[in-house]
Each structure stands twice: as structure tokens, then as C-alpha cells.
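Close look at the chain arrangement
Listed here are the chains, written in short residue letters.
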Amino acid sequence: MAHPFHDAEDAALLDPASAPAPQYGTGALCDVIPAAVAGFAVPGMPATGLTLAPADRVCVFLVDGLGWELILRHPDEAPYLTSLLATSCGGTGRPITAGFPATTATSLASVGTGLPPGRHGLPGYTALNPETGQLMNQLRWQPWTPPAVWQPHPTVFALADAAGIATSQVSSPTFETTPLTKIALSGGTFLGRLTGEERVDLAADQLAAADRALVYTYYSELDGMGHRHGVDSDAWRGQLMMVDRLVQRLAEQLPPRSALYVTADHGMIDIPFDEESRIDFDEDWELSAGVAVLGGEGRARHVYAVPGAAADVLAVWREVLGDRMWVAGREQAVAAGWFGPEPEERVLGRIGDVVAVARDDMAIVANRTEPGESRMVGLHGSLAPVEQLVPLLEVRC
């Protein structure tokens, strides 16, 4: 019996090689800090082909969920951010790619190590630990895994701090001791502040306190509002207005010889709550056949097959979903550059036997086994531009 949402005779299958791969090495999130501090000549800093003008004091402000296309859609709610776009008079902003998948744990690791996912080893929201056979949530770090084993590379902050650069992270106190912070954002001094206003004010103070400084600050509330209410909600637009004010507040306090870079870990898209838009893996016998573990998230799935079933699982997922999702085997996804050039051997087993990435406005949810994630209005993770493109906005003083 044919799957209710697919007619193979009427729809052409998407070629995974045609998916817009992230621009690792020239215009991806992992390139931002190495490019921003290139003038410091920090030993061991990852190389990048992205060029940014040098500055003595560098601040990176990462706003969780602030996609490039979302800024373009909301000039009235974000007038200051809009003024920094290249499409505006005098603007110098540009879109860069988040990396794959476009999700927080992966992107923060990319920012903090200067490496693509295939090297730092956080290839999704959840990924299989080949050593234990368990699915690991890399945002919540559950089940516990030794952080330095999972991600052994030094952070860009540790490298800068060792080179004598005054280095600090200004974020929520909640994140100070988390494993994700340890493996991605540690090095120098962590300074916890509760509100966005406190964070940007302290970030400006940290810049002014040293002749050479690298400061990272972070705001998560926009993302949370998008997940709960969607990016088409008044609640989300209200948070965007707050972000706009925070960026302007920080920009107006920059000390001389400073550069502020505003970026994000991913964009977001609202997915309707209907059977065609949200396919429930837990209730779909075709998609679940031969699958041992379902990882990733709704718009960027890692599918781990039972031994010997990988080829069959790939064939079924392509047949059922291949007109709406880029569906690739592990080797094909790696060859297409989704995880960056030359992934490390220790990372390959964390990537699904099948990797399924939404192009259309749909998601593979799991209402029974992932109830919280499946209830979210706004989702992300895909290679689609609305999630993949993030801003790189610049203010110099």
C-alpha cells in the first residue's frame, strides 16, 4: 500500500548532492571567531578563509534563533538590526551559514572551537554514542559522557586566553558549569548575569578593560519564544524588539578600536500541526521498519538502522520522503560536505546510517517518544535557507 503522503509516480526525488551545503572555511559560523581575532595571531587558532578587518577589542554577540531571513521579514520590529544589513544604506552585514544541522548544540560547538561538526563531533541535537549504543542529547548532555572525550579540541577562547588576550564569556549563570559550556565556550573568565541588559553592559565593560580583548555574550530568549509560540507570533516579535534594543545598547557602549559581531546559531520555521506537515515516526510502520534508534530532530534526522538493514531503511525513507526531504546515506551526506571537510573517524559513527533533511515545510516528529519537541511550534535544523542562513552584522568603533 502506498504511503498516504507520497506518490512516487508524480514526484521527483531530491538529489542530496543538490542540497545547499554550509560554506565551511569561507562563510560559516565556525569561521567567525578565527576571522575576528586573526589580527591577534593566536597560536593554534583554526585557519579560515573568511576575512574580517582587525580590531584590538572583539565582541561576538550570539542571539539564539536570529535567522537572517527573519530579520529581513521584520524591519519595523528590528530597525537597528535592519540598519546593519548590506541591503541598507551603509550596512555591512551579510548572511553566513550556520553549519549542519542548524541547531544550538552543534552551532555553539562550531562557534567555540572554530571547527565544523565533523571535527568537533557534535553532529546534531541528539546523536548515537557508538561506544554505548545510547542516544545522547548533546544540548542537555544526557546521558552523561566525559566532555573532553566527546569533544577533545581546545576552544578558541582557551587559545586566545593562553596567548594573553583578555578573554571572557558573559551569559546566563545557568550555563556556567554545563558540559556544553566546558567543551565549547570555556577559556578565560565566565561572567554570569541574569538579564540581557546586564550582559551587554558587562560585555562593554570587559572590552574597555583591556588593550586586547575577546568577549562573547549570548541571549537565548528569542529562540525559546519561537519554539513555544512560533516566529509568526506577537510574543516572538516582542522578543525580536528586545534583541534589537540590546544590540543597539551594546553598540553604543563600544570603546575605541572595537568590533562587534552579531550572529546566531540558526533560524527557525513554523510547521503546521497537521498530518501532512508533521509525520509521526512513532505511528508510521514504513518509516520505523528496520530502525533501531531515531536521532536528530524533526527537520534534521539521524536514522540508525538495526544491523544489516541500513540499505533497506535508506530505500524506504527515500521512497516515502525523498520528494520533500534530502535523504542520504552516511557516506553520501559526508561526501556532500554537510558536516564539513574530512570528518574525524571518531565522529563518523555518530552520524546516522540515514540522514534526512527537510526541504519543504514539514518535519518528522515522534509524538510518543519526543513529546516536548513534537509540541514545539517553531523548529529548525535543516539546510533550508530560513534555518541555515544566519547574520554576520558588524559595528566598529
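Right above here is the structure, for reference.
These lines cover the structure that appears in this document, whether it is placed above or below.

Cut-offs and rules
Residues numbered from 1 in each chain as written. Predicted model: local features only at pLDDT ≥ 70, side-chain atom pairs only at ≥ 80, totals over all residues. Heavy atoms only, no water. Pairing = 2+ DSSP bridges. Helix = DSSP H or I, 4+ residues; strand = E, 2+ residues; numbered from the N terminus. Axes fitted to C-alpha atoms, helices over the stretch in contact; angles between N-to-C directions. Parallel < 35°, antiparallel > 145°, perpendicular 65-115°, else oblique. Left-handed = near helix turned anticlockwise from the far one by under 90°. Contact = heavy atoms within 4.5 Å. Nonpolar A, V, L, I, M, F, W, Y, C, P; charged D, E, K, R; others polar. Core = buried A, V, L, I, M, F, W, Y, C linked by side-chain atoms within 4.5 Å. Buried < 20%, exposed > 50% of the residue type's maximum accessible area, 1.4 Å probe, protein only.

Moving on: the sheet that holds strand β1 (residues 57–63). Strand order in this open sheet of seven strands is β2-β17-β8-β1-β7-β5-β6, and the pairing throughout is mixed. Among the strands making up the open sheet, the edge pair consists of β2 (94–97) and β6 (189–192). Across the sheet, the axes of successive neighbouring strands diverge by a mean angle of 20 degrees, strand direction being ignored. Of the strand pairs in this sheet, β1 and strand β8 (residues 258–263) are connected by six bridges, and their pairing is parallel. When the bridges of β8 are listed, Arg57 appears paired with Ser258.

In this section: the packing of helix α9 (residues 196–208) against helix α11 (residues 234–251). The geometry of α9 relative to α11 is characterised by a closest axis approach of 9 Å and an angle of 20 degrees between their N-to-C directions. The pairing of α9 with α11 is recorded here as roughly parallel in orientation. For α9 against α11, the interelement crossing comes out right-handed. Touching Gly196, Glu197, Val200, Asp201, Ala203 and Ala204 of α9 are Met242, Leu246, Arg249 and Leu250, all from α11. Residues belonging to the contact of α9 with α11 are distributed by class as follows: six nonpolar, one polar and three charged.

This part is about the nonpolar core. Generally speaking, nonpolar side chains in soluble globular proteins are found buried as a group. Grouped together as the largest cluster of nonpolar side chains are 82 residues, with contacts concentrated most on Phe61, Leu66, Leu81, Tyr216 and Leu260. In terms of residue count, the dominant contributor to this core is α11 (seven residues). Ignoring anything within four residues of it in the chain, the contact list for Leu66 reads Ile71, Leu81, Leu222, Leu240, Val243, Val262, Ala264, His266 and Pro391.

Sheet architecture is open: four strands sit in the order β11-β12-β14-β13, paired in antiparallel fashion. The open sheet has two free edges, formed respectively by β11 (291–297) and β13 (325–329), since each of these has just one partner strand. Across the sheet, the axes of successive neighbouring strands diverge by a mean angle of 15 degrees, strand direction being ignored. Pairing between strand β12 (residues 300–305) and strand β14 (residues 354–358): four bridges, direction antiparallel. Looking at β14, one finds that Val303 is bridged to Val354.

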